[in-house]
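Residue strings, one per chain:
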Amino acid sequence: MSENRGTFGGILGTIAVVGGSVVGLGNIWRFPYMAGENGGAVFILLYFCMSLFISVPIMLSEFTIGRAGQGNSMASFRKLSKNRLWQIVGIMGMLTAYIIMSYYAVIAGWSLDFIYESAAGNMMGHSPEELSTAFTSFISSGTKPILWSLLFLVLSCGILVFGVTKGIEKANKILMPLMVIILVGMVLNSLSLPGWGEGVNFLFEPDFSKLTWGVALKALGQSFFSMSLGMGAMIVYGSYIKRTENVYRIAGIVAISDVTIAILSGLAIFPAVFTYGIEVTSGVELVFLTLPNIFNQMVGGYYISIAFFLLLFFAAITSSVSLIEVVIAFISEELKIKRIQSTAIAFVLIAVVSILCALSQMPDSPISLFGMTLFDFNDMITSIFIMPLCALAIVFFVGWFLSRKVVFSELSSNGRYPYSKLIKFNYFMIRYIVPCVIILLFVSGVLSLFA
Ligand code: PHE
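Here goes a summary of the coordinates provided. (Residues numbered from 1 in each chain as written. Predicted model: local features only at pLDDT ≥ 70, side-chain atom pairs only at ≥ 80, totals over all residues. Heavy atoms only, no water.)

**As for the site of the ligand**
For the record, the criterion: Only a single heavy atom is needed: when it lies within 4 Å of a molecule or strand, its residue is near that molecule or strand. Within 3.5 Å is the distance limit for a polar contact, defined as a pair of N or O atoms, with the added protein rule that one can donate a hydrogen and the other accept it, and that residues adjacent in sequence qualify only through two side-chain atoms. Each accessible area is a Shrake-Rupley estimate made with a 1.4 Å probe; only the visible protein chains count as cover when residues are assessed. Here the term cavity refers to a set of points on a 1 Å grid, laid over the protein atoms alone, in which a 1.4 Å probe fits but cannot get out; the term pocket refers to an open set having protein on both sides within 12 Å along at least five of seven lines, with lining residues being those that place an atom within 4 Å of a point. By definition, a pocket or cavity contains a molecule when more than half of the molecule's atoms lie within 2 Å of the pocket's grid points. Counting from the N terminus, the helices are DSSP H or I runs at least four residues long and the strands are E runs at least two residues long. Note on residue categories: nonpolar means Ala, Val, Leu, Ile, Met, Phe, Trp, Tyr, Cys or Pro, charged means Asp, Glu, Lys or Arg, and polar means any other residue, Gly included.
Around the ligand lies a shell of 15 residues, among which V22, G26, Y104, F225 and S228 are the nearest. In this structure, a nitrogen atom belonging to the ligand sits 3.1 Å away from a main-chain N or O atom of S21. Contacts to the ligand include V22, whose backbone N or O atom sits 3.0 Å from an oxygen atom. Isolated, the ligand exposes 320 Å² of accessible area, and the fraction of that covered by the protein chains is 100%. The pocket occupied by the ligand, as judged from atoms lying within 2 Å of grid points, is the largest cavity. Looking at the shell around the ligand, the elements with two or more residues in it are α1 (11-22), α2 (25-37), α10 (213-226) and α14 (301-334). Residues belonging to the shell around the ligand are distributed by class as follows: seven nonpolar, eight polar and no charged.

**Focus: the environment of S21**
Let me state the cut-off plainly: To sort residues, take the accessible area from a 1.4 Å probe on protein chains only and compare it with the maximum for the residue type: under 20% means buried, over 50% means exposed, and anything in between is partly exposed. Pairs of residues are marked as contacts when any of their non-hydrogen atoms sit within 4.5 Å.
Its location among the elements puts S21 in helix α1. Take S21: its relative accessible area is 3%, and that puts it in the buried class. With near-sequence residues (within four places) excluded, S21 lies in contact with S228, M234, Y237, T318, S319 and S322.

**Some words on helix α7 (residues 143-160)**
Going by this rule: By definition here, a helix of n residues has an expected span of 1.5 Å times n minus one.
Relative to the 26 Å expected for 18 residues at 1.5 Å per residue, α7 spans 26 Å between its end C-alpha atoms, a close match to the ideal helical length. Taken as a whole, α7 has its buried residues at P145, I146, W148, S149, F152, L153, S156, C157, I159 and L160.

**Here we look at the pattern of salt bridges**
Put simply, the rule is: Salt bridges are counted wherever a side-chain nitrogen of Lys or Arg sits within 4 Å of a carboxyl oxygen of Asp or Glu.
By the definition in use, this model includes eight salt bridges. For D379, the salt bridge is made with R30, and the minimal N-O distance between the two is 3.2 Å. Here D379, found in helix α16 (residues 374-401), pairs with R30, found in helix α2; they are 349 residues apart in sequence, far enough to count as distant. Exposure remark for D379: the relative accessible area of 10% places this residue in the buried category.

**Quick word on the side chain of E62**
Within the secondary structure, E62 is located in helix α3 (residues 41-69). According to the relative accessible area criterion, E62 is buried, its value standing at 0%. A polar contact of 3.3 Å, which involves the side chain of E62, links it to the backbone nitrogen of M234. Look past the residues within four positions of E62 in its chain and what remains in contact with it is S228, L229, G230, M231, G232, A233, M234, I235 and I394.

**As for a nonpolar patch on the surface**
Here is the rule we go by: Patch construction takes residues with relative accessible area above 30% that form no salt bridge. Like charges are linked within 9 Å, and nonpolar side chains (Val, Leu, Ile, Met, Phe, Trp, Tyr) are linked within 5 Å.
A surface patch of nonpolar side chains, about 850 Å² in accessible area, is lined by F396, W400, F401, F428, Y432, I433, I439, V443 and L447. Those elements giving two or more residues to the nonpolar patch turn out to be α16 and α18 (420-449). Counting residues per element, the nonpolar patch draws most heavily on α18, at six residues. Along the polypeptide, I439 turns up in helix α18.

**Structural notes on the packing of helix α15 (residues 339-360) against α16**
As a reminder of what qualifies: Axis geometry follows a simple rule: fit a line to the C-alpha atoms, using only the stretch in contact for helices, then measure angles between N-to-C directions, giving values from 0 to 180 degrees.
Contact geometry of α15 with α16 gives a least axis separation of 7 Å together with a crossing angle of 120°. Two secondary-structure elements touch here, α15 through V353, L356, C357 and S360 and α16 through L374, F375 and N378. Partitioning the contact of α15 with α16 into residue classes produces five nonpolar, two polar and no charged.

**Looking at helix α4 (residues 73-80)**
For an α-helix the count is 3.6 residues per turn, leaving residues at separations of three or four pointing the same way. Taken together, the buried positions of α4 are occupied by S73, M74, A75, S76 and F77. Those residues of α4 that are buried lie in contact with α3, α5 (85-119), α11 (233-240), α14 and α16. For α4, the N-terminal capping position is held by N72, with its side-chain oxygen 2.9 Å away from the main-chain nitrogen of M74.

**Considering the nonpolar core**
The criterion, for reference: Here, the term nonpolar core denotes a set of buried Ala, Val, Leu, Ile, Met, Phe, Trp, Tyr and Cys residues that are joined through side-chain atoms within 4.5 Å.
Counting 164 residues, the largest nonpolar core has F63, F288 and F308 as the members making the most contacts within it. Of the residues forming this core, the biggest block, 19 residues, is contributed by α14. When neighbours within four sequence positions are excluded, F288 is seen to be in contact with W29, I107, W110, S111, F114, F135, F309 and L312.

**Considerations on the packing of aromatic side chains**
This is how the line gets drawn: Pairing of aromatic rings covers Phe, Tyr and the six-membered ring of Trp, with a centre-to-centre limit of 6.5 Å; geometry is then stacked below 30 degrees between planes, edge-to-face above 60, and tilted otherwise. Only Lys NZ and Arg CZ are tested; either one counts as a charge over a ring when it is within 6 Å of the ring centre and within 35 degrees of the ring normal.
As enumerated under the stated definition, the model contains 35 aromatic pairs in all. Here the aromatic residues Y103, W110, F114, F135, F138, F288, F295, F308, F309 and F375 are joined through ring pairs into a cluster of three or more. Positioned above the aromatic ring of W400 is the side chain of R431, whose terminal nitrogen or guanidinium carbon lies 3.9 Å from the ring centre.

**Here we look at empty space enclosed by the protein**
Under the convention used in this document: Grid points are joined across faces, edges and corners, and a volume is the space filled by probe spheres set on the points.
Counting across every chain of the model gives two cavities of 30 Å³ or more. Space inside the largest cavity adds up to approximately 110 Å³. S21, Y104, F225, S228 and L323 are, among the 15 residues lining the largest cavity, the residues nearest its centre. At three residues, α14 tops the list of elements feeding residues into the lining of the largest cavity. The space that makes up the second largest cavity amounts to roughly 40 Å³. Taken together, the elements giving at least two residues each to the lining of the second largest cavity come down to α4, α5 and α16. A total of three residues in the lining of the second largest cavity trace back to one element, the largest contributor, which is α5. Of the residues that constitute the lining of the second largest cavity, the class distribution is six nonpolar, four polar and no charged.

**Observations concerning the side chain of T382**
By the secondary structure assignment, T382 is in helix α16. When residues no more than four places from it in sequence are discounted, the contact partners of T382 are T96, I99, I100, Y103, M387 and P388.

**Focus: the environment of G197**
Along the polypeptide, G197 turns up in helix α9 (residues 196-204). G197 gets classed as partly exposed once you look at its relative accessible area, which sits at 28%.

**Digging into unusual backbone geometry**
In this structure, Q70 is a non-glycine residue whose phi angle is positive, near 50°. Its location among the elements puts Q70 in the loop between α3 and α4. One non-glycine residue, N414, lies in positive phi territory at about 60°. Position of N414 relative to the elements: it lies in the loop between α17 (404-411) and α18. Owing to a relative accessible area of 67%, N414 belongs among the exposed residues under this scheme.

Below you can see the structure in the form of structure tokens.
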């Protein structure tokens, strides 16, 4: 099997690919609305600490499983342990990637529609109310969001058929730098708005009365989502990282980039939220409601609007390839079929649920689960339940079941980077601290959210 598996090129290629997975809609679309709904700065502080102290050890654990196991999320566990139960974790991870992708494609489809509408000049010259009505009628129209999300899936699968190096890595090396340039330009512009001060206070001045177990669990879920953890993506990507690469450097750079991009998107969005009197708790629509208002009033708004939605699209596609890759690697290696066929099967499977997700956004849609739209349900079930539980299983596996020798050898790339203190510290975190924090937050958070 290993002859057919790809590997990423050098360190730049690896960071572009892993960074491309990590930085996505989670940073630019999900982070601002989650922060808005959960108290702003307190949520951000928790998200920041969890990303550095909880998510980095989990990322290293996933890399360890992928590098030592050299397979898809399930095969890697199979190779490393005789106990078949562990393979369930791999399957759960793959299913999570599948569920996330189904609503991810819908949001990414919105970004394509906004690129089109911006380029056609339809976003300019409208009041905030008109823009908001137009958006509501768009997402509830059914067909339009479906077509855009299908187009997005076609584009993602178009990259994926070219494989790991020629497809994913090549595309990411171009898209990631472009994305950063656009985002920095957006922040500079946003900081000139009158709501600047309020926006910055909301992001950086914590109000500790907003701190609850539920908020802490959501911050953990956000960190996992944003760092692509708890669903096998980093196991699969880990298996493509060259044996000579330094995993600490990769995880460190990627974690810092993830948090930085999230904060930059907050800085691009919240000054506008306050300037145009939009509710910070607007939920999933926040970014799509606030930003068109800024573009409307800005010199050069026409071009900046196109640039921003392109940014969102780039961020989305470099992440979606990693989500779909989890499904493709699974199908092609487990069913032993060619990449092109597995890509086609993954496309069809994801397209079906994406269509349902898009339809569930329509008013009076019968597609709902436990009183939520399928869209909200999928997001909730993955980020609050499955990702924390899969992450817990992953750290348990690496901390307590995998031999210490294998873990140390993977973390030091076979002795090439012998950071003994760092490795010991991480191993300690993986064995004791990370599982305790996940269990504590999971139990208290779930109890408080459903109390
Ligand atoms: N991390 C991606 C984002 O921030 C989403 C993602 C989750 C990608 C899980 C892969 C795996 O948008």
